[in-house]
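Inside the fold
So you can see what is in the structure, the chains are spelled out below.
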Amino acid sequence: MRTKGYHCKVYHTLDCILMEKEYRNLREIAKDLNVNYQFIADVSSRKTKRNFQQFKFYPQIEINKL
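Summarised in this report is the structure supplied together with it.

Definitions and limits used
Residues numbered from 1 in each chain as written. Predicted model: local features only at pLDDT ≥ 70, side-chain atom pairs only at ≥ 80, totals over all residues. Heavy atoms only, no water. Helix = DSSP H or I, 4+ residues; strand = E, 2+ residues; numbered from the N terminus. Polar contact = N/O pair within 3.5 Å; in protein donor to acceptor, adjacent residues only side chain to side chain. Contact = heavy atoms within 4.5 Å. Salt bridge = Lys/Arg side-chain N within 4 Å of Asp/Glu carboxyl O. Buried < 20%, exposed > 50% of the residue type's maximum accessible area, 1.4 Å probe, protein only.

A look at the side chain of histidine 7
Along the polypeptide, histidine 7 turns up in strand β1 (residues 6-13). Polar side-chain contacts of histidine 7 include one of 3.2 Å to the side chain of glutamate 20. In this structure, histidine 7 is in contact with Glu20, Lys21, Glu22, Glu62, Ile63, Asn64 and Leu66, ignoring residues within four places of it in sequence.

Considerations on the pattern of salt bridges
Opposite charge on two side chains permits them to pair, given that their charged atoms come into close proximity. Tallied over the full model, the rule gives 2 salt bridges. Among the salt bridges present, the one from lysine 21 reaches aspartate 32, with a minimum N-O distance of 3.4 Å. Of the two residues, lysine 21 is situated in strand β2 (residues 16-23) and aspartate 32 in helix α1 (residues 26-33); the sequence distance between them amounts to 11 residues. Judged by its relative accessible area of 40%, lysine 21 is partly exposed. On the basis of relative accessible area, aspartate 32 is assigned to the partly exposed category, the value being 39%. Among the ionic pairs, glutamate 28 bridges to arginine 24, the shortest N-O distance being 2.8 Å. What makes glutamate 28 partly exposed here is its relative accessible area of 25%. Taking relative accessible area as the criterion, arginine 24 reaches 57% and is therefore assigned exposed.

Below is the structure:
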């Protein structure tokens, strides 16, 4: 039985997926991506307003609750 958690996908384009994995919590995502927890919490809660994605080569990060 799988515990509920999060699905994280990091990609540049739909053809270029850098990482796609399931995690138990947001802290595991932060540790795996080597970023702080607050950044991951912000990404998972703000689906439309992401000022940090204004750069041309910034990867897209999708975090969905399972």
